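# Structural features, examined
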Amino acid sequence: MMEAMQGMQACMARVDRSALKRLQEQAERAQGEIRSLCRVGNEAGAQTQAMGLARQMASDPNLKMMQACLAQLPQLPMVQAMLPTSKLGVDEPSQGDQPRSICERLK
């Protein structure tokens, strides 16, 4: 585990921290907007906005590099919580047969 942590730290040194901070801030703002859409009953709009932002973030090279770095560690909830997309709830697994809506995930 210690070797994995050292490898992950060396990998993360190549990630643009300011770009990740901007993504984090963007995800936090989007989460507020999405929650507002949910409060007024616009679940379709909330879902569309969340998925659009998630696609945009998933294509970001710094986020891809961060994910590759984190992949060197075991799949721990605290590691997954470090990803900016975790703020949106779009990468949360569904429970049972029905996927949960974005509004249910953000409650």
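Residues numbered from 1 in each chain as written. Predicted model: local features only at pLDDT ≥ 70, side-chain atom pairs only at ≥ 80, totals over all residues. Heavy atoms only, no water.

Moving on to the state of the cysteines. Inspection of every chain in the model, using the stated rule, returns 2 disulfides. A sulfur-sulfur separation of 1.9 Å characterises the disulfide bridge that pairs Cys-11 with Cys-69. Around the S-S axis, the bridge from Cys-11 to Cys-69 shows a dihedral of about -75° and counts as left-handed. With Cys-11 in helix α1 (residues 2-12) and Cys-69 in helix α4 (residues 61-70), the pair connects residues that are 58 residues apart, well separated along the chain. Of the two residues, Cys-11 and Cys-69, both sit in the buried class. The disulfide partner of Cys-38 is Cys-103, and the gap between their sulfur atoms is 2.0 Å. Residues Cys-38 and Cys-103 are joined by a disulfide whose S-S torsion is about -85°; by sign, that bridge is left-handed. Placement of Cys-38 in helix α2 (residues 17-39) and of Cys-103 in helix α6 (residues 102-105) is noted, with a sequence separation of 65 residues between them. (Disulfide = S-S within 2.5 Å. Helix = DSSP H or I, 4+ residues; strand = E, 2+ residues; numbered from the N terminus. Buried < 20%, exposed > 50% of the residue type's maximum accessible area, 1.4 Å probe, protein only.)

Membership of the largest hydrophobic core comes to 20 residues, with the highest contact counts inside it found for Met-12, Ile-34, Met-57, Met-66, Cys-69 and Ile-102. Counting residues per element, the ones that place at least two in this core are α1, α2, α3 (43-58), α4 and α6. Top element by residues in this core is α2. It accounts for 5 residues. (Core = buried A, V, L, I, M, F, W, Y, C linked by side-chain atoms within 4.5 Å.)

Another aspect to go through is the environment of Gln-9. Within the fold, Gln-9 resides in helix α1. For the pair formed by Gln-9 and Leu-70, sequence separation is 61 residues and the distance between their alpha carbons is 9.2 Å.

All right, on to the packing of α2 against α4 then. Two elements in contact, α2 and α4, have axes whose closest approach is 9 Å; the angle formed by their N-to-C orientations is 100°. Judged by the inter-axis angle, α2 sits roughly perpendicular to α4. Contacts from Ala-19, Leu-20 and Leu-23 of α2 reach α4 at Asn-62, Leu-63 and Met-66. Of the residues contributing to the contact of α2 with α4, the split by class is 5 nonpolar, 1 polar and no charged. (Axes fitted to C-alpha atoms, helices over the stretch in contact; angles between N-to-C directions. Parallel < 35°, antiparallel > 145°, perpendicular 65-115°, else oblique. Contact = heavy atoms within 4.5 Å. Nonpolar A, V, L, I, M, F, W, Y, C, P; charged D, E, K, R; others polar.)

Here we take up the side chain of Ser-101. Position of Ser-101 relative to the elements: it lies in the loop between α5 (77-80) and α6. Among the polar contacts listed, one links the side chain of Ser-101 to the side chain of Glu-43, at a separation of 3.1 Å. Not counting the four nearest positions on each side in its chain, Ser-101 is found in contact with Glu-43 and Gln-47. (Polar contact = N/O pair within 3.5 Å; in protein donor to acceptor, adjacent residues only side chain to side chain.)

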